[in-house]
Structures are given as structure tokens and as C-alpha cells.
Amino acid sequence: MSSRAASVSEKAQADNYFCEVPNDPCAIVMFGASGDLARRKLLPALYDLAIHACLAPRFRLLGFARTEMTDDAFRDEARESLSKDGAKGNEGTLDGDFLKHLQYFSGNYDDSEAYARLGRKLDQLDQQGGLGGNRLFYLATPPEVYPRIVEQLGKSGLAKPKTKDSWARIIIEKPFGHDRDSAQELNQRVLQVFDESQVYRIDHYLGKETVQNLLVLRFGNGIFEPLWNRNYIDHVQITAAESLGVERRAAFYESAGAMRDMIQSHVLQLTSLVAMEAPATFEATPVRNEKIKVLQSIRPYREDIVAKSVVRGQYGPGSVKGTSVAGYREEPGVKPRSSTETFVAMKLLVDNWRWSGVPFYLRTGKRLSQPETEIAIAFKRAPHVVFHGEAVEPNWLVLNIQPDEGISLSFGAKAPGSQMHIHPVTMDFQYRRAFGAGSREAYATLINDCIRGDATLFDRADSVEAAWALVDPILESWRNDPAPPFPNYAAGSEGPRAADELIASEWRRWRPLA
Ligand code: BG6
């Protein structure tokens, strides 16, 4: 056992993951600290990093929000959220030591005096805690506030590294804009204040272990890449299905919908990773260069293509896992005649040498029968079947991103008996079984990467804009074309019939939600 391994907590040893080299000490300023994201995702992620020896023993977390609160009250809230749903996989380990690193700072996001105070507070933390002047600003507020915070960080001088040996970085949550123009404007504002190398636009899907495993599968193995093209692949299906409804986020979701909320970000990220060429090295610039080429090669959605290739849906009342649930229009905060889509299915074509003619079918929706995120690659069938009367199923390579992380490959095998009957069987890699531990929360991976200064799994200004450029014409076309009669799928189903028709018109069908 390395001396580092021996010095980390039992929990980190048992989970078999910890940071080999401790990260730089730093102060993390979390804007929007009293919000839902901070409580449900960010605090647990930081806690996870702390107990796995990834945060320097001297880090400080400064929660910044408008609500007045004492440090102790903030710590109590953090304790409550960590013990409620935050300690995923870390149950029973809530260690008061982590809470001692938390402090609270109340201020208005556009009040320059508050930022002057924040600067003094950070200087004081540097002196007391030896944080080396390193600062990470995390924007977890509603997106309308981002420009004001960025401007104030610029004016107050906090956006610049404090010394030549320290760093200042900013993580910006999605949604990054609500169309290409607003994303461009936000990029301009951010880049007036920060250098691109300081900016980390987060899409938490990129932090999921199985998403990163896709890159390892493709580029760390010799056997898949030769098959990874139009000669062997029939089509690709990417599914991000949720059984949850809109929960308490109607105010945001009503003006976002599934296209903005999931397709523009998470699903297009997955598409880029499936379709990209091998980067020269696994570093931010080469990886991001390859990803953006995919977005630039996707056939644009003209109005006639939208009508043929994109389906939208909205859930009505129904039953999910035996429990009756309301329809979208009956959810608190949703307009009774809302035309916001909670489901999208679409066909996408990547016009390049590798993928020409291979359809990618994407689908996402809320209140579907099962939560399931997967990337499924359907290979072409054997060109000739020598086994008389036997139908041979295509081979599937399926990357299960959640809930059961793993990869499986299906193929035909002879069923026992004197007859020649072919049955599909699978070879499975299950993350938990192979590594003896659940995967790390995506947010923990990404915050850790940011502290280490590694932007590989974050989005660059040009690719955020390119993703918007793709979906904008679809949204525009929907604005001119009234929504189909909504609701058009029952909660707990697999989505609207039109989605099945979309894929069936090309003699294919969706994989059932498991
Ligand atoms: C968020 C969306 O980005 O991702 C949510 O805003 C969605 O609507 C969530 O529920 C899904 O993330 P995950 O990690 O639960 O698949």
C-alpha cells in the first residue's frame, strides 16, 4: 500500500478511490448556496471529495446567497441535506469535520459593496487558512443572475488570480443561455472578465463514470474502433428517460422544455462522444476540438426536416410504478394549457465519412415508465444466414449510463438441444461488480477536475453555441407550428405513439425501457 493510501480514511480505502496527490488548497465560493442544486448535488459532492482525500485539509467553502444566515445555521442546513439525500454511498460517515470548513456570506448578487466585503473575507481566509489565494467561484444561482455576478467579480478584481502563483476559476451551471444569441452574449460577458482557460461550463453528464467509460471503450481497446463506423453500424439509439416528473421546477421548466433542458446539453454531449474521432491526447483542447467537429457535421434542421424527424410530447396523468401521478398540466406552477414539451424523440444525421447514412435516434422524456439512460449501438445483421429458418438478431453494444452502470454486448448463441435454434445472449460488464464500488457522483468528479485545472470534461464557448445553433431552428419551427394535441402520452408509458412511428417508418424500433 502506498504511503498516501495508508494515510487516507478507511472509507476512502474501502471505496478504493482517493486522490493520489492532494489538491491545491482553495476557497470555493458557492453562489446560490441556499438553492436546491447546492443542497442536493454540490454539498454532497464536496463532502464526497473531502472524505476521499481530494480536498486539501485547508479548503474553505463559502456559501454566498441573499438570505441572511449565520455560519452555524448554514452548517445545520448542510448537515441536514447531507444526512437526508446527500450522503449517497457515504451513509453513516457524516463527519463533523467537513462542516467546520463551511462558512456563510450573505449579500446581494449585484451589490458591489458585497463583493468588496467578499474580497476582504477571502483575504482573511487566505491568511488564516493558508489557502494560497486560490479561488473557485461556482455559479449555482438561477441563470438570469449569472451576468450580474460575473460583472461584479470583474469589477471587484476577484476574477483575476490574486498572485502569480494562484488561480481563480469559475464554474457555470447549465443552462448556458436559452438560445444561441443569449449563449453568445453570455460568453462575451464572461470572456470580458475571465480568460477562457479560467471558465468551466459544466454539464454533469460528462462527469458520469460510464460516459467517460465510453471514451475508454472506444480509444483504450483495439477491438471496437475498427467496427465503429458506417460499414458495421446500422444505427445508434441514445435514450435519457426519467420516471420523475417536473418536480418543483415548473418555473424553470415551463420556459425550457425537454429540448433545451436535455437535448441541447446532455444528449448532444453523449452524441458527440459516440461520434467523435480519436483525440491526439486525452486533454482539454484535443478532446474539445474533436467534439465540436461532430456538432458541426450534424445535418441542420430545416423546417421540413423538423416536421419529419422530430417528435415532441407532453405527459398526461397516469401511473408510474403503480402510483397514480398527475399530468404535466396539473403540476404546481404549470399553465393549464401549457404547450411545453416533456418528451422529445428525434433522428439526427452526422454528415461525415465515418457516419454518413447512419441514423442516430435520440429520445428523452419525463414521467416515462423507467429511469434509464443508455447509448445503444446496433450493428448490421450478418449478411447471409446459413441457419435455415432462423432469424438472427442484430448485435447490440449497450452502454448503461444509469441506473445500472455497465456495458453489455449481445450476440446470438446456439440454444441447448438437438435443433439449431439461435438465442440472443449478452456478455455483461457491471461497474459495481467489477470494481466493488458504486461510481463517484458526477459533480464530485467535475469539481475535482476544476480544482486540478483540467477542463477536458467541461464545455467550451464555441461548442455551447454550436449546440444551440442546432436546436434553435427546431424551437423556431415549433413556435410557428402549434403543438400537437397535448397531452399525448400517459405518465408511466414509453412516450407518444408518434415517437414509435418516427423510428418504425425506417423499419426499426426503440429498445424497450428495461
Ligand atoms: C438536469 C435537468 O440537467 O439533468 C433535469 O435540468 C434532469 O431536468 C437532470 O432531471 C437529469 O440528471 P440525472 O443525472 O438525474 O440523469
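Our subject is the structure that appears above.
Predicted model only: the values in this text are computed from it and were never measured.

(A) Representation of the overall build of the protein in the model. Across its full length, the protein holds 16 helices and 18 strands. In summary, the protein has a C-alpha radius of gyration of 24 Å against a globular reference of 24 Å for 514 residues, a match within 12%. Buried residues in the protein amount to 55% of all 514 residues. Sequence-distant contacts, at least 24 apart, represent 76% of the contacts inside the protein between residues at least 6 apart. Of the roughly 23100 Å² of accessible surface on the protein, 51% is carried by carbon and sulfur atoms. Taking the average location of the 62 positive side-chain charges in the protein and that of its 67 negative ones, the two points are 1 Å from each other.

(B) Here's a closer look at the packing of helix 10 (residues 250-275) against helix 11 (residues 284-297). Following both chains from N to C, one finds helix 10 and helix 11 inclined at 105°, their axes separated by 9 Å at the closest point. Classified by the interaxial angle, the pair formed by helix 10 and helix 11 is roughly perpendicular. Here Leu-268, Gln-269, Thr-271, Ser-272, Leu-273 and Ala-275 of helix 10 come into contact with helix 11, specifically with Lys-291, Val-294 and Leu-295. Broken down by class, the residue content of the contact of helix 10 with helix 11 amounts to five nonpolar, three polar and one charged.

(C) Summary view of helix 14 (residues 442-452). Most of helix 14 sits out of view: 10 of its 11 residues are buried. Residues of helix 14 that are buried include every one of Ala-442, Tyr-443, Ala-444, Thr-445, Leu-446, Ile-447, Asn-448, Asp-449, Cys-450 and Ile-451, and no others. Against the buried residues of helix 14 lie strand 1 (27-31), helix 3 (36-51), strand 4 (135-139), strand 5 (168-172), strand 6 (199-201) and helix 9 (209-219).

(D) Structural view of the site of the ligand. Around the ligand lies a shell formed by Lys-174, His-204, Tyr-205, Lys-208, Glu-242, Arg-249, Asp-261, Met-262, His-266, Lys-366 and Gln-402. His-204 places a side-chain nitrogen or oxygen 2.7 Å from an oxygen atom of the ligand. Side-chain polar atom of Arg-249 to an oxygen atom of the ligand: 2.8 Å apart, as the coordinates give it. Starting from 400 Å² of accessible surface for the ligand in isolation, the protein chains cover 79%.

(E) Region of the structure containing the environment of Leu-139. Here Leu-139 is to be found in strand 4. Given a relative accessible area of 0%, Leu-139 falls into the buried group. For the pair formed by Leu-139 and Thr-340, sequence separation is 201 residues and the distance between their alpha carbons is 26 Å. Those residues in contact with Leu-139 that lie beyond four places of it in its chain are Phe-31, Tyr-146, Ile-149, Val-150, Ile-170, Ile-171, Ile-172 and Glu-173.

(F) Seen up close, the packing of aromatic side chains. The final tally for this structure, using the stated rule, is 20 aromatic pairs. Between Arg-511 and the ring centre of Trp-396, over which it is positioned, the NZ or CZ distance is 4.8 Å.

(G) Quick look at the pattern of salt bridges. Counted by the stated rule, this structure contains 33 salt bridges. With its nearest N and O atoms 3.7 Å apart, the salt bridge here joins Glu-185 to Arg-189. Residue Glu-185 and its partner Arg-189 are both found in helix 8 (residues 180-193); the two are separated by four residues, about one turn of the helix. Residues participating in the shared-partner salt-bridge network are Asp-123, Asp-126, Arg-135 and Lys-162.

(H) Here's a closer look at the side chain of Glu-341. Along the polypeptide, Glu-341 turns up in the loop between strand 11 (323-325) and strand 12 (343-349). In this structure, Glu-341 is buried with no salt-bridge partner, the nearest side chain bearing the opposite charge being Arg-312 at 6.1 Å. A distance of 2.9 Å separates the side chain of Glu-341 from the backbone nitrogen of Met-259, its partner in a polar contact. Not counting residues within four places of it along the chain, the set of residues in contact with Glu-341 comprises Tyr-253, Ala-256, Gly-257, Ala-258, Met-259, Arg-260, Arg-312, Gly-313, Trp-478 and Phe-486.

(I) The arrangement of the pairing of strand 16 (residues 406-414) in detail. Here four bridges tie strand 15 (residues 396-402) to strand 16, and the two strands are oriented antiparallel to one another. In the sheet register, Asn-400 faces strand 16, and the bridge partner there is Gly-406.

(J) Inspection of the sheet that holds strand 16 at higher detail. What the eight strands build is an open sheet, ordered 8-12-13-7-14-15-16-17; its pairing is mixed. Every other strand in the sheet has two partners, leaving strand 8 (310-313) and strand 17 (422-430) as the edge strands with one partner each. When the angles between neighbouring strand axes are averaged without regard to direction, this sheet yields 15°. Sheet topology places strand 16 next to strand 17; nine bridges connect them, and they run antiparallel. Bridge pairing links Lys-414 to Ile-422 in strand 17. Its contacts with the sheet put helix 10 on strand 7 (233-241), strand 8, strand 12, strand 13 (359-365), strand 14 (372-379) and strand 15, and the angle it makes with strand 13 is roughly 145°. On top of the sheet, helix 16 (residues 497-504) reaches strand 7, strand 8, strand 12 and strand 13; it is set at about 15° to strand 12, its chief contact.

(K) Spotlight on the sheet that holds strand 2 (residues 60-65). Here we have six strands laid out as an open sheet, ordered 3-2-1-4-5-6, and parallel in their pairing. A strand with exactly one partner marks an edge of an open sheet, and here the two such strands are strand 3 (102-106) and strand 6. Pairs of neighbouring strands in the sheet enclose a mean axial angle of 20°, with direction left out of account. Relative to strand 6, strand 5 runs parallel, the two sharing three bridges. The residue of strand 6 that forms the bridge with Ile-170 is Val-199. Together, strand 1, strand 2, strand 3 and strand 4 form the strand contacts of helix 6 (residues 112-129), whose direction differs from that of strand 2 by roughly 170°.

The rules behind the values
Residues numbered from 1 in each chain as written. Predicted model: local features only at pLDDT ≥ 70, side-chain atom pairs only at ≥ 80, totals over all residues. Heavy atoms only, no water. Helix = DSSP H or I, 4+ residues; strand = E, 2+ residues; numbered from the N terminus. Rg over C-alpha atoms; globule rule 2.2 N^0.38 Å. Buried < 20%, exposed > 50% of the residue type's maximum accessible area, 1.4 Å probe, protein only. Contact = heavy atoms within 4.5 Å. Areas by Shrake-Rupley, 256 points an atom, 1.4 Å probe, with all protein chains shown as cover. Lys, Arg positive; Asp, Glu negative; His and termini not counted. Charge placed at Lys NZ, Arg CZ, Asp CG, Glu CD. Axes fitted to C-alpha atoms, helices over the stretch in contact; angles between N-to-C directions. Parallel < 35°, antiparallel > 145°, perpendicular 65-115°, else oblique. Nonpolar A, V, L, I, M, F, W, Y, C, P; charged D, E, K, R; others polar. Near = heavy atom within 4 Å. Polar contact = N/O pair within 3.5 Å; in protein donor to acceptor, adjacent residues only side chain to side chain. Phe/Tyr/Trp six-rings, centres within 6.5 Å; stacked < 30°, edge-to-face > 60°. Lys NZ or Arg CZ within 6 Å of the ring centre and 35° of its normal. Salt bridge = Lys/Arg side-chain N within 4 Å of Asp/Glu carboxyl O. Pairing = 2+ DSSP bridges.

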